[in-house]
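Residue-level structure breakdown
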Amino acid sequence: MTRKTIAILLVLLCSLSFVFAQGGSEEANLTEDGRQIVTYWYYHKGNEATYQENAIARFNESQDKYFVQGFSVPDKQKYLVAMASDESPDVIALTNAEVISYQTSGLLEDMSTMGEANGFDFSIYDAPALTANSVDGRMYAFPLTSVVIQMFYNIDLLNSIGETEPPTTMEELFEMAEKVTTVDESGNIDILGYPLFPLASARQELIYAFGGRWAAEDGVTPTANCEGNLKSLEMNMAFREKYGVEQVQRFVATGNTNRYTPQDIFFAGKQLFRFDGPWFANQIREYNPDVNFGVAMVPGTEANPELLGVSRYENTSLAIPVVAKEKEGAYAFISWFVTEGAKDFLLEIGSLPANNTLFDDPDLLASNEAFPSFMAALKTANGIEAPRMDYSAEYTSLIDEYLDYVYNGTMTPQEAMDELQAQAESMAK
Amino acid sequence: MDINVFKIRRRASHVAFYILAIALFIVFLSPFIVMVTTSFKTLDDAFTVPVKILPREWTFSNYGDAVERVPYWRYMGNTAYITLLSLMGELIVVPLVAYSLAKIRWRGAGIVSGLLMATMMIPYTVTMIPLYRTWHAFGLTGTYVPLIAPHFVGHAYYIIIMRQFMKGIPNSLFEAAKIDGANEFQRYITLGIPLCKPALTTVGIYTFIAAWSDYLAPLIYISSKDRMTLSLGLQQFLNEFTVDWTLLMAAAVIFVLPVVVLFFIFQRNFVEGVATSGLKA
Amino acid sequence: MKTRLTRDDRNGFLFALPWIVGFLLLSIYPLIMSLYYSFTEFSFISDPEWVGLDNFRQLFSDRRFYKSLGNTCFYAFVATPILLLVALLLALIANRRFALRSAARTIFFLPSIIPMVAATMVWIWMFDPTYGYINNFLALFGIEGPAWLINPKTTKWALVMMGSWCTGTSMLTCLAALQDVPRSYYESADLDGANAVQKFFHITIPSVAHVLVYQAILNLINAFQYFTQVYVITTASGGNTSGASGGPENSILMYPLYLFHNAFVYQKMGKASAMAWILMIIVGLLTIVMVKLSNKAVSNAGAE
């Protein structure tokens, strides 16, 4: 019996592997009709990947010189591996922070030069989009979408505590959050008021609202223990300690598991304030259209009301690796995608444009009930760019670690931020 | 002591033992149960509190969706291809080296045996970066060569298993063949190999499982979507924000199934392999 | 002393040649290069540049280097003994004559052949504070389970639980050793009126001691290379944007994981090589100590 089974297994394996290995061995650079193949890697998945593919299909129809093949590659470590080996994609989608960090290692093609040579109209980008994708005054990627964050709130929950207007300062927000937060008989949080979740917004908007920053204006001097950061964390901890550090962590963990699923805590009516992106409105429509929600700007503080509407500023950008083989085709695709191709893609994916000619586009504004206020925030151009020191990847993961210490009550905000600052400064040397 | 009391106590401890054993069985099987049942649940069903073990309605669509979401059959073909070549490599080289250590009296044998043990101690992290650079220098990153080539020099652990087994074969058999005029290689082919079949099977399944499940090497070396393996493909279900747990579990079942089937066919060889290598090294 | 090479010498060498070549190219050469690299700095695409002791200096002032070393030491010196004990207990159950004996062997061993990635993902789901089996099970007894993979106090214990599930190989080795213990030992102990506990400590443990020590060494070496599980867990947890997470409070940032981050995320290949060599030295010293200790222990046991 044993020998037979081995034989059968081997034969099965053989036939299987030969059937499938054939396709993988030879990749022609030309399509059957003689078009140059351009490979494009993006990190989107699921539905968002489908929207990328739709955009690619539109490009492929629009001309007959190039043929773009798209791949969803969510693990960005793969980008680096591919760029280091001989299999670099011709175009990659990445965030503006990654553009900076890749370019620190000299991995990307100079898009300013390419654009100038091809008569690209750089005026479609406002200052934030230009600087966010530039190193030493040269652009290394063309931004496709912008990300700013605003405050979604559950109107029913707000009304239930006798309020009608969303808060404009963090102090007001804290008060409302306390009123709305409910705890069941065993001490578990049922409804969360303070926007401790998602974690990325807690690290950014919730800090920025107090005037906190992770880096100074120059983008490279760490400012972990600045006053705004400490104030933000103190209020954050005041809330956590009131309802129990463990309980809050558990609630946040559940929120994380369910994020953007039908069980998302906001859709379930268990979250009053949520700092999130414009796509969140699409998600609400898809998963629970009954949620009665409003959108407002991220609050400032009593001392600094002008911080109202403060948010991160990020892009999804398109770049060409220096080791890419099809740079002409890559440029053709990118310059099409950020101009003609952008609108249809943005309509599908529910993201904000980076291209300023689309800021007032009536179709875009009408497509998503949150867009008007997000677009307004985008136009004020007071978004905050991520730190851009050459150790920023390590810095970000250090920030995560020290925020954990604060959230879990292992360290006080002052202790944690001082130590973080010292670590960051030692890396800068 | 009254003999009856003794009997009752014995029986009670017997029952307690059974309860303990069965409880442990449930604990050890629960991850499998989770995996299989979740793969047949709808997304809503997977997110209920308290958890229902069985799906309220059995759905098979997760399997279809899973293989559609990522090119799963292709990954399976890639994985099978890598596994097959790795298997070939180990099965050719391991008995060869083991034979030289167990049945040939030569001066380097002692050194080689010592080095075999020593290499098992070298952490892979030490060789990882230089090997990466070497393969890179030859333009072979992104191909299967870095995944398969190490199997063509023989894994130290497998050589040790094989050597132990060969030592157990009486030398008189080989001497008889020598008198009949067979040279070393003929003796190896006609006597060594056929007599080692059980150990070969053991090495074969170990290699199969190791190559089938390998994660780190594909993670480092494989970048193109066409060449991904199942272990990498499985990770594609882990989104940054949302995890399609039902699809993921369906994909995991497909990934795990060949290994489990293999285990049940060759259960005995596993036990033998572990026992010989673990005890006598 | 020099004698001519015999035919056996030639044949033996030829038979072993593939492994010797592999040893030189895939072990010795990288080992030496890695030592050289640890005094240089380079990224994916650049060439190594000599920086002397900079990498080591950087590491010794890096808090996360110590943190990751500490995490790995926890796994090596706290988790590994626990796992070995679990393996021994499972082996004892599987060794007892009862109707479900062969089922026990299968069930206890099966998990250790499951691909690590798949197993880890299933466990992540099991550990979910709301929908996971573990907390739902605890809830039946009115116990509120922690957020296993979120709370830095429980993450390591979650790894221990996961590890206990995968002790099949050690279990089988212990089992084989148990089966080699002659029944007559137990029978004569019965005649002397020894109870179960006495029998366990005076017969069972000494008879399997050599196997336990051997397993301990192997598991210790493996503990210092513990990677896949934590890599999968940390990449699966959402909310982290840095692309290089070590779990909450970096509580499961194991040494090899931090090494991997340095090499393939931060692109500090030289620093990673330095870490690799430090690891190599630690593992080497530990093994020597363990082997010495075990030789002593086994010879003492033999003398008794």
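Residues numbered from 1 in each chain as written. Chains lettered and ligands numbered in written order. Predicted model: local features only at pLDDT ≥ 70, side-chain atom pairs only at ≥ 80, totals over all residues.

A few points about the overall build of chain A
Counting its regular elements, chain A contains 19 helices and 13 strands. In terms of overall size, chain A behaves like a compact globule, its C-alpha atoms giving a radius of gyration of 24 Å where 429 residues would be expected to give roughly 22 Å. The dimensions of chain A, computed from C-alpha atoms along their principal axes, are 70 × 65 × 50 Å. When each of the 429 residues of chain A is scored for burial, the buried share is 51%. (Helix = DSSP H or I, 4+ residues; strand = E, 2+ residues; numbered from the N terminus. Rg over C-alpha atoms; globule rule 2.2 N^0.38 Å. Buried ≥ 20, exposed ≤ 12 C-beta atoms within 10 Å, placed from the backbone.)

Notes on the overall build of chain B
Within chain B, the secondary structure is distributed over 15 helices and zero strands. Its C-alpha atoms give chain B a radius of gyration of 25 Å, more than 25% over the compact-globule value 19 Å for 281 residues. Along the longest, intermediate and shortest principal axes, the C-alpha atoms of chain B span 80 × 75 × 35 Å. Counting the 281 residues in chain B, one finds 52% classified as buried. Considering only contacts within chain B whose residues lie at least 6 apart along the sequence, 74% involve residues at least 24 apart. (Contact = placed C-beta atoms within 7 Å.)

Re the domain arrangement of chain B
All names here are of chain B. Domain boundaries in chain B define domain 1 (3–59) and domain 2 (71–280). For domain 1 versus domain 2, the separation of C-alpha centres amounts to 35 Å. Taken together, the contacts link seven residues of domain 1 with six residues of domain 2. Of all the secondary-structure elements, those providing two or more residues to the side of domain 1 that touches domain 2 are α1 (3–39) and α2 (43–46). No other element matches α1, which puts four residues into the side of domain 1 that touches domain 2. Each residue belonging to the side of domain 1 that touches domain 2 can be placed in one class, and the counts come to four nonpolar, two polar and one charged. (Domains from an automatic or database assignment. Nonpolar A, V, L, I, M, F, W, Y, C, P; charged D, E, K, R; others polar.)

Remarks on the interface of chain C and chain A
By a widely used convention, the size of an interface equals the accessible area lost when the partners come together. Across the contact, 28 residues belong to chain C and 28 residues belong to chain A. For the side of chain C that touches chain A, a count of residues per class yields eleven nonpolar, 13 polar and four charged.

Considering the sheet that holds strand β2 (residues 66–72) of chain A
Residues and elements named next belong to chain A. With mixed pairing, six strands are arranged side by side in an open sheet as β2-β1-β3-β12-β6-β13. At either end of the open sheet lies a strand with only one pairing partner, and these are β2 and β13 (352–353). In this sheet, strand β3 (residues 91–95) lies alongside strand β1 (residues 36–42) in parallel orientation, the contact comprising two bridges. Residue Y40 lies in a different strand from β3, and its bridge partner there is V91. (Pairing = 2+ DSSP bridges.)

Looking at the domain arrangement of chain A
All names here are of chain A. Segmenting chain A into domains produces domain 1 (27–146 + 314–380) and domain 2 (150–311 + 391–428). One C-alpha centre belongs to domain 1, the other to domain 2, and the line joining them spans 30 Å. The partner domain 2 presents eleven residues to the 14 residues of domain 1 that form the contact. Every element with two or more residues in the side of domain 1 that touches domain 2 is listed here: α4 (96–104) and α17 (371–380). Classifying every residue of the side of domain 1 that touches domain 2 gives seven nonpolar, six polar and one charged.

Some details on the sheet that holds strand β11 (residues 293–296) of chain A
Residue and element names in this part refer to chain A. Overall, antiparallel pairing links the three strands, which are arranged β10-β7-β11 in an open sheet. Two strands lie at the open edges of the sheet, namely β10 (273–276) and β11, each paired on one side alone. Ignoring which end each strand starts from, the neighbouring axes of this sheet average 30° apart. Here strand β7 (residues 150–154) pairs with β11 via four bridges, running antiparallel. Of the residues in β11, the one forming a bridge with Y153 is G294. (Axes fitted to C-alpha atoms, helices over the stretch in contact; angles between N-to-C directions.)

Let's talk about the pairing of strand β6 (residues 142–147) of chain A
Side-chain positions along a regular strand alternate between the two faces of the sheet. All names here are of chain A. Burial analysis of β6 places six of its six residues in the buried class, the great majority of the element. The pairing of β6 with strand β12 (residues 314–319) spans five bridges and is classified as antiparallel. Paired with P143 across the two strands is S317, which belongs to β12. The pairing of β6 with β13 spans two bridges and is classified as antiparallel. Counted as the bridge partner of T145 is P353 from β13.

Here's the deal with the interface of chain C and chain B
Between chain C and chain B, the residue contacts involve 75 residues of the former and 71 residues of the latter. A per-element tally of the side of chain C that touches chain B places helix α1 (residues 7–37) of chain C first, with 19 residues. Across the side of chain C that touches chain B, the residue classes break down as 56 nonpolar, 17 polar and two charged.

Structural notes on the packing of helix α5 (residues 109–121) of chain B against α1(C)
Geometry of a packed helix pair, given as the angle between the helix axes and the separation of the axes. Between α5(B) and α1(C), the shortest axis-to-axis distance is 11 Å and the interhelical angle comes to 35°. For the crossing formed where α5(B) meets α1(C), the hand is left-handed. The residues of α1(C) that touch α5(B), namely those facing A109(B), V112(B), L115(B) and T119(B), are G12(C), A16(C), F23(C) and S27(C). (Left-handed = near helix turned anticlockwise from the far one by under 90°.)

Describing the nonpolar core
Judged by nonpolar contacts, the single largest core of 283 residues is most densely connected at F333(A), A251(B) and A252(B). Setting aside chain neighbours within four positions, we find A251(B) in contact with A66(B), Y72(B), L234(B) and F237(B). (Core = buried A, V, L, I, M, F, W, Y, C linked by C-beta atoms within 7 Å.)

Looking at the environment of N258(A)
All names here are of chain A. By secondary structure assignment, the location of N258 is in helix α12 (residues 245–258). In this structure the C-alpha to C-alpha distance between N258 and F210, which are 48 residues apart in sequence, comes to 28 Å. If we ignore the near neighbours within four places in the chain, the residues touching N258 are Q263, D264 and I265.

Some thoughts on unusual backbone geometry
The linkage connecting F197(A) with the following residue, P198(A), adopts the cis geometry, with an omega of 0°. For P198(A), the position within the fold is in the loop between β9 (189–191) and α9 (199–203). Of note, the phi angle at N250(C) is positive, near 50°, even though the residue is not glycine. For N250(C), the location among the structural elements is in the loop between α11 (228–236) and α12 (255–265).

Quick notes on α12(A)
All names here are of chain A. With 14 residues, α12 extends 20 Å from end C-alpha to end C-alpha; this agrees with the ideal 20 Å at 1.5 Å per step. Across the 14 residues of α12, eleven count as buried, placing the element largely inside the fold. Within the span of α12, buried status applies to V248, Q249, R250, F251, V252, A253, T254, G255, N256, T257 and N258. Where the residues of α12 are buried, they touch β9, α11 (227–243) and α18 (392–407). (Expected span 1.5 Å × (residues − 1).)

A word on the packing of helix α8 (residues 168–180) of chain C against helix α10 (residues 196–223) of chain C
Residues and elements named next belong to chain C. Here α8 crosses α10 at 160°, and the two axes come no closer than 9 Å. In terms of orientation, α8 and α10 fall into the roughly antiparallel class. Between α8 and α10 the crossing geometry is right-handed. Across the interface between the two elements, S170, T173, C174, A177 and L178 from α8 touch S207, V208, V211, Q215 and N219 from α10. Residues that form the contact of α8 with α10 fall into these classes: five nonpolar, five polar and no charged. (Parallel < 35°, antiparallel > 145°, perpendicular 65-115°, else oblique.)

Observations regarding the environment of G142(B)
Residues and elements named next belong to chain B. Among the structural elements, G142 can be located in the loop between α6 (124–137) and α7 (145–148). Here G142 falls in the buried class, since 21 other C-beta atoms lie within 10 Å of it. The spacing of G142 and Y158 is 16 residues in sequence and 27 Å in space, taken between C-alpha atoms.

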